[in-house]
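# Working through the structure, step by step
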Amino acid sequence: MNRIPIGFLLLLLAGWMSGVYADEGIKPYHILQEVKLSDNGGWDYLKVDADARRLYITHENEVLVLNADTYQMVGKIEGIQGSHGVALAPELGKGFISCGKSGSVVVFDLKTLKKTSEITAQKDADCIVYDSATTQVFTFNGNSANSTAIDAVTGKVVKTFDLGGKPEYAAVDGHGHLFNNLEDKSLVLDIDTQTLEIKHRWPIAPGETPSGMAMDRGNNRLFIGCRNKLVVVMDAKSGKVIQSLPIGDHIDATYFDPSSGTVFNSCGDGTLSVVQENSADNYQVVENAKTELGARTMAFDSKTGHVFLVTAEMGPVPTPTQDNPKPRRKMIPGTFKLLVLGQ
């Protein structure tokens, strides 16, 4: 039996995808610009304030703040021990940063970018979201396997409650429901933000090891990016899995754009998986755009339609030692950068 060269198959696939784009009027996503960033440590989540035109990039023990149009640095938020995520409460003029090393939340002024206070949360405070319905900030504390609810107005901790597993990302519906992935249990939690009680625990099979999460509030659909190379669509009212679709490897962030009905999934293998919402119960993968290795976290600018990702070149894996049996690769100096993708 004759084998067809893989290169030829890839050319056929590229031609077929080009035909799909041409037929449906879809323009492929591609890198528009690369911006060099200061690189004195690792990174995690990104956050866009589309109205204020600011892009927040968590970066080791600080948060870089860039102009979302020019990509010039406008400031830094410092005095942080292991920054992970950023949540914004524009109506309060406040921003909140989860700090994994200190197990705390740094509060800052949205206008001045100055740190105003620090609130004790729990060890490994990671994902952070703001619920405008209850004016509460929630941290999801990975290794602590719990969540801390904070009154965003007073800065007081309302409650820390157990989750029964290791949490990853979360989404709020704006009507009193908060949803969270349990990475080690392959479950989604439905949390009442008024009572702070877990109402439901929903399995995400065939998805496994969930990481990213986003929500279509209008259609009550959750999009759950999973590490077994699937994005799962779930009914946020019943917990029923509607559909699952293939995405890239090592997903870390998922975002939904309601204006275009697009679900973005940024993957560490150097791809941005783009899924189109045809209806509340029907979805299709329209593209796996090329990014760069390690570009696994992202933010979306609703004003421009641009996708922001960050990555860097990494050195070889260090030799394991007794004290450090699973060493991580270190960033090559001078390679940390922002990628701006668009159509």
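In case you missed it, the structure is sitting above this.
Keep in mind it's a predicted model, so treat the numbers as computed, not measured. (Residues numbered from 1 in each chain as written. Predicted model: local features only at pLDDT ≥ 70, side-chain atom pairs only at ≥ 80, totals over all residues. Heavy atoms only, no water.)

## Some words on the environment of leucine 189
Keep this limit in mind: Secondary structure is summarised from DSSP: a helix means a run of H or I of at least four residues, a strand means a run of E of at least two, and numbering begins at the N terminus for each. Should any heavy atoms of two residues lie within 4.5 Å, those residues are counted as being in contact.
Summarising the element assignment, leucine 189 is placed in strand 16 (residues 187-192). Through-space distance from the C-alpha of leucine 189 to that of glycine 164 is 9.9 Å; in sequence the pair is 25 residues apart. Ignoring sequence-local partners within four residues, the contact set of leucine 189 consists of Leu163, Leu178, Phe179, Asn180, Leu182, Ile198, His200 and Arg201.

## Notes on the pattern of salt bridges
Any two side chains of opposite charge can pair, on the condition that their charged atoms come close. Stated formally: Only one rule defines a salt bridge in this text: a Lys or Arg side-chain nitrogen within 4 Å of an Asp or Glu carboxyl oxygen. The cut-offs for exposure are 20% and 50% of the maximum accessible area for each residue type, with area from a 1.4 Å probe on protein chains only; residues under the lower value are buried, those over the upper are exposed, and the others partly exposed.
Tallied over the full model, the rule gives 12 salt bridges. Note that aspartate 301 and arginine 53 form a salt bridge whose closest N and O atoms lie 2.6 Å from each other. Pair noted here: aspartate 301 is in the loop between strand 26 (298-300) and strand 27 (307-311) and arginine 53 is in the loop between strand 2 (43-49) and strand 3 (54-59), with a separation of 248 residues, a long-range link. Looking at aspartate 301, the relative accessible area reads 0%, which means it is buried.

## Thoughts on the nonpolar core
What counts is decided by this rule: The term nonpolar core refers to a set of buried residues drawn from Ala, Val, Leu, Ile, Met, Phe, Trp, Tyr and Cys, joined through side-chain atoms within 4.5 Å.
Within the largest apolar cluster, 19 residues are counted, with the highest numbers of intra-cluster contacts made by Leu55, Ile57, Phe336 and Leu338. Those elements giving two or more residues to this core turn out to be strand 2, strand 3, strand 4 (62-67), strand 27 and strand 28 (337-342). Looking at this core element by element, the count peaks at 3 residues for strand 2. Excluding residues that lie within four positions of it along the chain, isoleucine 57 makes contacts with Leu37, Tyr45, Leu46, Glu62, Val63, Leu64, Leu66, Val310, Phe336 and Leu338. Within the second largest apolar cluster, 16 residues are counted, among which are Cys127, Val129, Ala170 and Val172.

## Here we look at the sheet that holds strand 24 (residues 271-279)
Heads up, the condition is: Each pair of strands is called paired provided DSSP finds at least two bridges between the two strands. Helix axes are fitted only over the stretch in contact, all axes being lines through C-alpha atoms; the angle between N-to-C directions runs from 0 to 180 degrees.
Across the sheet, which stays open at both edges, the 4 strands sit in the order 22-23-24-25 with antiparallel pairing between neighbours. Because the sheet does not close on itself, it has two edges, and the strands there are strand 22 (251-257) and strand 25 (282-290). Averaged over all adjacent pairs, the angle separating strand axes in this sheet is 20°, with direction ignored. Alignment of strand 22 against strand 23 (residues 262-267), held across 6 bridges, turns out to be antiparallel. By the bridge assignment for strand 23, isoleucine 251 is matched with cysteine 267.

## Digging into the packing of aromatic side chains
Rules: Here a Phe, Tyr or Trp ring, Trp counted by its six-membered ring, pairs with any other such ring whose centre lies within 6.5 Å, and the pair is stacked when the planes are under 30 degrees apart, edge-to-face when over 60, and tilted otherwise.
As enumerated under the stated definition, the model contains 10 aromatic pairs in all. Relative to phenylalanine 264, the ring of tyrosine 29 lies with its centre 5.4 Å away and its plane at 85°, an arrangement referred to as edge-to-face. Here tyrosine 29 is found in the loop between helix 1 (6-24) and strand 1 (30-36), whereas its partner phenylalanine 264 is found in strand 23, with 235 residues between them in sequence. Judged by relative accessible area, which is 9%, tyrosine 29 ranks as buried. Taken together, a centroid distance of 5.6 Å and an interplanar angle of 75° make the contact between phenylalanine 223 and tyrosine 283 edge-to-face.

Honestly, that's just the spatial picture; any functional story needs more than this.
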